[in-house]
Amino acid sequence: MDSSTQSGTGSLSIAGLLELAEISRAAPTVLAGAEKLARTIRWVHIADSEHVERFLEGGELVLTTATTFRRSPEAMAEFFDQLERAGAAGTIVELVDADSAPDAEAEAVVRAAAAGRSLTVVVLAQRVKFVRITELAHRHLLAQQISQLEHVQEIHETYTQLSLDRAGAQTIVDRTAELLGTAVVLEDVAHRVLAHSGSGSQALAQKWMDLVTGAATAPDVDNSAKWRQTPVGLRTRRWGRLVVPGAAEPVAALDQIIERAGEALTLTRMADRDEQDLLLQAQSGLIREITDSEGLDERAALERARSLGFAPAAGAELLPVVVRIDREPDTDPTRVQLQERGLTQEIASAAARLNLCLLMTSLQSGAFGFVLAPAHGSSRRAPRTDDADTRLTRILGELKGYAASWVVGVGRSSTSLLRAVAGLESASHVAEVASTLDVRERSFYRSSDVRIRGLLSLLAEDSRLRAFAEGELGPLLGDTSSGVGRRDGVPNSPSESADGELLEFLELYLAHGGNKSAMARAGHLSRPALYARITRLQDRLGVSLDDAESRTALHVALLWWRMHG
């Protein structure tokens, strides 16, 4: 019997049990299932009848003398069938007669019934004490279970203490690698390595991206599809996974260890986010105070900001930025809030990695702003071309793996914190206007990028602009607006009220500058149908679309209507 079985540690296999002196002296012969001798035994059970299936749950080794059915080929075959159906690990059959001599006739029956089976079948030609075998086996199995419980307790205490100590990700990964005795890697959703530990982890980290995409292989590491892993983060916001690329030997409680490690990493991240939430509230309060108070001077504002972690390099450009998350009218507000919170955390983390500092504020649901600057002491390492726009581009480049979509508005940069904070208002306006663009070609927008849409947005609540837009488009709007589409108090005809397609046709006309070939292709219209619709549109509007001033007026009115009508 090997040392692990004798000491009561490790798993108990059929092969290990056969090495017991009580069994080895009985000259055991393996009749079937020799390839499964290494199978682990869950329990040892003694049976005296072929009807044993109802007593088994799977994984048991069944000891029997088969006294009542050893000479019946049918009963013996049924016995083996029931063991296989129940998922038993195997069986040991003692075949001796009343005089303790080998029962050759019974052995022939057993051999015939066992032929061709994958079930492990072992026969003994000498009498043994089954009680002694079960005693030794159960002692070992119980010791193994106690050892497992102690190991489970150690795992529980280890990760509980790590969570209470607010251990960092690297510390948790280090401890996990120690418990598993193999390499462990923590990656984010973009497969970037956040932390690694254990033998060979450095080499894995260096070519990790190629490994996970299948572009490279590593010695002694199975295919990435077979790696043991656990997601990290809340179910609604997974931010990474903990991976065990491969273990040379089976590791006890491996799944439990990596699951507890994943939970500890999630709790650590949540605790960090709680701190960041409190910091965001404090920074938002300072920005509101700067915006609302006229008594706070530049020096006092900077001192307050430094106490909240915003310590820009001397004379640095401070860039006001507003991020607006895309949302549909029926989007769940809770989902928007989670996306906003996650995005603020990602931007704060990206800024820290890039040695930048932020003064951040929440504006409204789905929108937040921040003042961006190089951190104090970073100017020597920053490239000469690293201006405010470049810094913002670098931060946004760090967010490529984030699932939500958003639009970014930028105000005028300044070396004054007070002026930069004041610029958040124009940045918010730009972000709002940019969110209405059909096609977005920029990673962030300034007021010069949104052009006339920006002006119309600023004048959105001006009653004179509304009157202008409704006066220009009234004949096409029908009953969509109170009083619009009526001439001298007389309602439009049903055909006029229902003719909203002319409004879309006007939009097509203006988008293509009146180019009839382009309009025909885009609108899938024949030339006769196109000309007929242009005539109808001009008749309805009462103006000529060949007139540049008319087209300009209609275009402004249509832009306003699409944005605010």
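Here, every reference points to the structure presented above.
Summarised in this report is the structure supplied together with it. (Residues numbered from 1 in each chain as written. Predicted model: local features only at pLDDT ≥ 70, side-chain atom pairs only at ≥ 80, totals over all residues. Heavy atoms only, no water.)

**Some thoughts on the overall build of the chain**
Secondary structure summary: the chain contains 21 helices and 13 strands in total. Within the chain, buried positions represent 45% of all 565 residues. The contacts in the chain between residues at least 6 apart in sequence include a share of 65% that link residues at least 24 apart. Working note: accessible area of the chain is about 29,300 Å², and carbon and sulfur atoms make up 49% of it. (Helix = DSSP H or I, 4+ residues; strand = E, 2+ residues; numbered from the N terminus. Buried < 20%, exposed > 50% of the residue type's maximum accessible area, 1.4 Å probe, protein only. Contact = heavy atoms within 4.5 Å. Areas by Shrake-Rupley, 256 points an atom, 1.4 Å probe, with all protein chains shown as cover.)

**Some points on the packing of helix α18 (residues 501–511) against helix α20 (residues 527–541)**
Their axes nearest at 10 Å, the elements α18 and α20 cross at an angle of 110°. Between α18 and α20, the crossing angle belongs to the class labelled roughly perpendicular. Contacts from E501, L502, F505, L506 and Y509 in α18 reach L530, R533, I534, R536, L537 and R540 in α20. When its residues are assigned to classes, the contact of α18 with α20 shows seven nonpolar, no polar and four charged. (Axes fitted to C-alpha atoms, helices over the stretch in contact; angles between N-to-C directions. Parallel < 35°, antiparallel > 145°, perpendicular 65-115°, else oblique. Nonpolar A, V, L, I, M, F, W, Y, C, P; charged D, E, K, R; others polar.)

**Structural notes on the nonpolar core**
Core analysis: the biggest nonpolar cluster contains 26 residues, and L343, I347, F370, L392 and V408 have the highest contact counts within it. The set of elements that each furnish at least two residues to this core consists of β10 (319–325), α12 (333–353), β11 (356–364), β12 (367–374), α13 (388–397) and β13 (406–410). (Core = buried A, V, L, I, M, F, W, Y, C linked by side-chain atoms within 4.5 Å.)

**As for the sheet that holds β11**
With antiparallel pairing, the four strands of this open sheet are ordered in space as β11-β12-β10-β13. Both outer strands of the open sheet, β11 and β13, are each paired with one neighbouring strand and no more. Taken over all neighbouring pairs, the strand axes of this sheet differ in orientation by 25° on average, direction set aside. Relative to the sheet, α13 contacts β10, β11, β12 and β13, its axis offset from that of β12 by approximately 125°. Of the strands in this sheet, β10, β11, β12 and β13 are in contact with helix α14 (residues 417–434), which crosses β10 at around 30°. (Pairing = 2+ DSSP bridges.)

**Let's talk about the sheet that holds strand β4 (residues 90–94)**
What the five strands build is an open sheet, ordered β1-β5-β4-β3-β2; its pairing is mixed. Strand pairing shows two members of the sheet lacking a second neighbour, β1 (29–32) and β2 (43–47), which therefore form its edges. Neighbour to neighbour, the strand axes of the sheet diverge by 25° on average, direction disregarded. Judged from the five bridges that link them, β2 and strand β3 (residues 60–64) form a sheet pairing that is parallel. Across the sheet, I46 pairs through a bridge with L63, a residue of β3. Contacting β1 and β5 (120–124), helix α5 (residues 104–114) runs over the sheet at an angle of about 40° to β1.

**A look at the packing of aromatic side chains**
The tally for this structure, following the rule as stated, stands at three aromatic pairs. By the ring-pair criterion, three or more aromatic residues cluster together here, those being F69, F79 and F80. (Phe/Tyr/Trp six-rings, centres within 6.5 Å; stacked < 30°, edge-to-face > 60°.)

**Remarks on the pattern of salt bridges**
Following the criterion strictly, the structure yields 18 salt bridges and no others. With a shortest N-O distance of 3.2 Å, R85 and E53 are connected by a salt bridge. Remark: E53 occurs in the loop between β2 and β3 and R85 occurs in helix α4 (residues 73–86); sequence separation between them is 32 residues. The salt bridge involving R175 is made with E178; its shortest N-O contact spans 3.1 Å. Residue R175 and its partner E178 are located together in helix α7 (residues 169–180), separated by three residues, close to a single helical turn. (Salt bridge = Lys/Arg side-chain N within 4 Å of Asp/Glu carboxyl O.)

**Concerning the packing of helix α19 (residues 516–523) against α20**
Geometrically, a packed helix pair is captured by the angle between its two axes and the distance between the axes. Following both chains from N to C, one finds α19 and α20 inclined at 105°, their axes separated by 10 Å at the closest point. In this view, α19 runs roughly perpendicular relative to α20, as classed from their interaxial angle. Here α19 contributes K516, S517, M519 and A520 to the contact with α20, which in turn contributes R527, L530, Y531 and I534.

**Let's talk about the pairing of strand β7 (residues 193–197)**
Pairing of strand β6 (residues 184–188) with β7 involves four bridges; the strand directions are antiparallel. The residue of β7 that forms the bridge with L186 is A195. In textbook terms, the turn of a hairpin is the stretch between consecutive antiparallel strands, and for β6 and β7 this stretch comprises four residues, one of which, H191, has a positive phi near 65°.

**Some words on the side chain of S284**
Of note, S284 is situated in helix α10 (residues 254–292). Excluding its chain neighbours within four sequence positions, the residues that come into contact with S284 are M360, T361 and S362.

**Notes on the environment of P320**
Within the secondary structure layout, P320 lies in strand β10. Remark: the alpha-carbon pair of P320 and A388, spanning 68 residues in sequence, is separated by 9.8 Å. With near-sequence residues (within four places) excluded, P320 lies in contact with F370, G409, V410, G411, R412, S413, A420, G423, L424 and A427.

**Digging into α19**
Here α19 has its buried residues at A518, M519 and A520. Where α19 starts, the residue carrying a side-chain oxygen 3.1 Å from the main-chain nitrogen of S517 turns out to be N515. Looking at the residues trailing α19, positive phi occurs at H524, about 55°. (Polar contact = N/O pair within 3.5 Å; in protein donor to acceptor, adjacent residues only side chain to side chain.)

**Things to note about the side chain of E50**
Position of E50 among the secondary structure elements: in the loop between β2 and β3. As a buried residue without a salt bridge, E50 has its nearest oppositely charged side chain in R54, at a separation of 9.2 Å. A polar atom in the side chain of E50 sits 3.5 Å from the side chain of H51. Every residue in contact with E50, bar those within four places of it in the chain, is listed here: T68, F69, A75, F79 and Q82. (Lys, Arg positive; Asp, Glu negative; His and termini not counted.)

**Points about helix α11 (residues 298–307)**
Listed in full, the buried residues belonging to α11 are A301, L302 and A305. Seen along its axis, α11 keeps its buried residues to an arc of 100°; they face one direction. Of the residues in α11, the exposed ones pointing more than 90 degrees away from the buried face are R299 and S307. One or two positions beyond α11, positive phi appears at G309, with a value near 90°. (Arc of directions from axis to C-beta.)

Honestly, that's just the spatial picture; any functional story needs more than this.
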